[in-house]
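# Per-entry structural report
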Amino acid sequence: MKALLTSKPLFVFTAISALLLVIAGLVLFLHWGDFPSRVVLHFAPLEGADLFGTRADVLTLWVLGFAVAAVNVFLAEVFYDRSRELSYLFGGVNVFLMLILLIAIGTIVSVN
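What counts and what doesn't
Residues numbered from 1 in each chain as written. Predicted model: local features only at pLDDT ≥ 70, side-chain atom pairs only at ≥ 80, totals over all residues. Heavy atoms only, no water. Core = buried A, V, L, I, M, F, W, Y, C linked by side-chain atoms within 4.5 Å. Buried < 20%, exposed > 50% of the residue type's maximum accessible area, 1.4 Å probe, protein only. Helix = DSSP H or I, 4+ residues; strand = E, 2+ residues; numbered from the N terminus. Contact = heavy atoms within 4.5 Å. Pairing = 2+ DSSP bridges. Phe/Tyr/Trp six-rings, centres within 6.5 Å; stacked < 30°, edge-to-face > 60°. Lys NZ or Arg CZ within 6 Å of the ring centre and 35° of its normal.

## Here we look at the nonpolar core
Across soluble globular proteins, you tend to see nonpolar side chains buried next to one another. Membership of the largest hydrophobic core comes to 15 residues, with the highest contact counts inside it found for Phe-35, Val-58, Met-98 and Ile-105. Looking at this core, the elements that each hand over two or more residues are α2 (8-30), α3 (55-79) and α4 (84-111). It is α4 that provides the largest number of residues to this core, a total of seven residues. With residues near it in sequence (within four places) discarded, Phe-35 still touches Leu-28, Arg-55, Val-58, Ile-108, Val-109 and Asn-112.

## Concerning the environment of Leu-28
Considering the arrangement of structural elements, one finds Leu-28 in helix α2. Measuring from C-alpha to C-alpha, the distance between Leu-28 and Arg-55 comes to 9.9 Å, with 27 residues separating the pair along the chain.

## Some words on the pairing of strand β2 (residues 48-53)
Relative to β2, strand β1 (residues 39-44) runs antiparallel, the two being bridged by five bridges. The residue of β2 that forms the bridge with Val-40 is Phe-52.

## Concerning the packing of aromatic side chains
Where two aromatic rings form a pair, the distance of their centres and the angle of their planes describe that pair. If you walk through the whole model with that rule in mind, you get three aromatic pairs. Consider the rings of Trp-62 and Phe-66, whose centres lie 6.0 Å apart with planes at 15°: the pair is stacked. Of this pair, Trp-62 and Phe-66 are both found in helix α3, four residues apart, which corresponds to roughly one turn of the helix. Its relative accessible area of 22% is what places Trp-62 among the partly exposed residues. Look at Phe-66 and you get partly exposed, because its relative accessible area is 47%. Here the aromatic rings of Phe-79 and Phe-90 are separated by 5.9 Å at their centres, their planes lie at 20°, and the arrangement is stacked. One end of the pair, Phe-79, is in helix α3; the other, Phe-90, is in helix α4, with eleven residues separating them in the sequence. Residue Phe-79 is classed as partly exposed on the basis of its relative accessible area, which comes to 24%. The buried category is assigned to Phe-90, whose relative accessible area is 18%. Sitting over the ring of Phe-52, Arg-38 keeps its end group 4.1 Å from the ring centre.

In structure tokens form, the structure reads like this:
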């Protein structure tokens with residue numbers, strides 16, 4: 001926890017990741033009641049909807065994103081004293097993955 005509070009780049013990466021994760025959670029929460037019983041999880045342009053799931057599958061996607069973010073923050077904290085570049089890489093990858101998660105959840109919400 002010390003590295004997160006003392007390193008400005010790592011703090012910014014973690015804050016942006018947390019913000020993106022919260023936004024994805026809010027999008028999911030606000031549209032939770034609008035989901036049908038069968039949710040379209042993948043949509044191909046030529047074939048149409050080809051992968052269906054339940055609302056719990058969409059929630060699982062967010063929970064897995066949270067778990068990945070937590071592991072990346074933990075690894076960034078562990079590697080901060082050994083290799084700051086690697087620590088910053090974990091932080092940057094975390095931002096990228098949370099952006100992908102937000103796009104995925106937004107797409108699932110918009111398709112359904």
